[in-house]
Amino acid sequence: MLETYLPLVIMLIVGFAVAIIFMVLSEWLGARRSTAEKKTTYESGMIPYKNARDRFSVKFYMVAVSFIVFDIEVVFLYPWAVQFSKLGLAAFIAMMSFIFILLVGYIYELKKGGFDWD
Amino acid sequence: MNEIIFVTVSALIKSIAVVLCIVLLSAAVSVYIERKVSAFIQNRIGPNRVGPFGTLQPIVDVIKLLFKEDVVPAGADYQFHRLGPVLSLGVAIVVYAVIPFSSPFMMNIAGVDRLIQFGIAPNINIGILYILAMTSVGVYGITLAGWSSNSKYSLLGGLRSSAQMISYELSMGLAIVGILMITGSFSMNDIVMHQQGWKINLLLQPLGFIIFLVSAFAETNRAPFDLPEAEPELVGGYNTEYTGMKFGMFFLAEYSNMAVSSAMICTLYFGGWMLPFSPSLIGLHENTLALSLVQFAWLLLKVIFCIFFFVWVRWSIPRFRYDQLMRLGWKVLLPLAIFNVVATAIVMYIIK
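Residues numbered from 1 in each chain as written. Chains lettered and ligands numbered in written order. Predicted model: local features only at pLDDT ≥ 70, side-chain atom pairs only at ≥ 80, totals over all residues. Heavy atoms only, no water.

Caption draft 1: Region of interest: the packing of aromatic side chains. Residues and elements named next belong to chain B. By the definition in use, this model includes 23 aromatic pairs over all chains. With 5.5 Å between their ring centres and 45° between their planes, Tyr168 and Phe225 make a pair best called tilted. Of the two residues, Tyr168 is situated in helix 5 (residues 152–183) and Phe225 in the loop between helix 8 (206–219) and helix 9 (231–234); the sequence distance between them amounts to 57 residues. Exposure remark for Phe225: the relative accessible area of 3% places this residue in the buried category. Among the aromatic side chains, those forming a connected cluster through ring pairs are Phe217, Phe305, Phe308, Phe309, Phe310 and Trp312. (Phe/Tyr/Trp six-rings, centres within 6.5 Å; stacked < 30°, edge-to-face > 60°. Helix = DSSP H or I, 4+ residues; strand = E, 2+ residues; numbered from the N terminus. Buried < 20%, exposed > 50% of the residue type's maximum accessible area, 1.4 Å probe, protein only.)

Caption draft 2: Focus on the confidence of the model for chain A. Averaged over all residues, the pLDDT of chain A equals 83, while 98% of them reach at least 70. Of all secondary-structure elements in chain A, the lowest mean pLDDT belongs to helix 1 (residues 2–29) of chain A, at 84, while helix 3 (residues 89–112) of chain A reaches the highest, 88. (pLDDT = per-residue confidence, 0-100.)

Caption draft 3: Fine view of helix 8 of chain B. Residues and elements named next belong to chain B. Along its 14 residues, helix 8 runs 20 Å from first to last C-alpha, staying within 8% of the 20 Å computed at 1.5 Å per residue. With respect to burial, helix 8 is a largely interior element, 10 of its 14 residues being buried. Looking at helix 8, one finds that the buried residues are Gly208, Phe209, Ile211, Phe212, Leu213, Ser215, Ala216, Phe217, Ala218 and Glu219. Where helix 8 is buried, its residues contact helix 4 (127–148), helix 5, helix 7 (201–204), helix 10 (244–269), helix 11 (289–314) and helix 12 (322–351). Looking one or two residues past helix 8, Asn221 carries a phi angle of roughly 55°, positive in sign. (Expected span 1.5 Å × (residues − 1). Contact = heavy atoms within 4.5 Å.)

As structure tokens, then:
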């Protein structure tokens, strides 16, 4: 158990360590001549106005909600797909009806315009 | 106990070797290929000053970026601003852990014969899940970078990018389901082993391959889908407010992601390291170092061709509009991917 997953953990540590080293090197080696002008954000040469963390389009939330619904479908499909050749007709019919029910929901959202991006 | 020490040491050596030789080198090679191919397509010469044919250009770029000033905007959330590039690059690196680079070879270490395989954990039985989980974490890096900069362009770029990535992740995940059904395993190595000879998954899953390819382009935020960094509208996208190596880390992450996507396309659909003929045909035996090296070279050849393909597409196809991108993801690829799953299931059930 440990021997199987240990290499993954080590790779995770090494990978993120490399990323952190790059970031620290960048902060440590770079020049430091900071001015107030330099610290303003880019806004096409204008003086930035208001906070950038304002409200944004609700469409992004729609995409996120649809993503969760269909991602759960994908997660349900995976164990079934891996065991597919060992499972019988019952599992086949069960999964097809699951996909069918989701397709009904998909068509409903399509007709309601949930996927439209004007 | 002895076994655990061996696993730890070998994994440590392998992961450092993979990070240094493959991740950073593959990013450098991808950058070089990108610049040379784009120069060729645009009838320019491209980098030719540093090193033979300009091959050292990416390394010089990294050194330059390291010595650039690190500017953080005044209103930025400092810790999240630092976390963004770390997450992006870290995730792009650790995905390499489950990709198999060759078949195992026999080696005598401290008096014990052991089977060693290029690749850190290619036999792990959650390979595909691990890759999907990691690419999901990659979305956070970009979203955080966009949000924390306190710049309108960054925020819009980050939002666009995250919406695009989660939309295409679905089709990507569904396209792999067909392969999982054929192979019956999550392990990347099992998927390669299943494609013995000419039985590559490309021939069994042509529709799945096209869906996966398009989704891979969108996932890596590359060309025709490079909306997050659409210069005319968003300046630079989520990395507008980044300077120095922190900007370079996003750059490295993009190219590293491109290389890892190419490696995944080759592993899942083109047979990975599996040679298209019996190894005895060229006088090599199973479980020898020479055979492993030949298989590694064969995989590398395919990966480089895939990277070339990525670059080729970038400089040939104009960018999508955002509503076109969303329409393609949700109204074309997603139904096609579901159809692919159902069709594969029915065909496999009939054959069985």
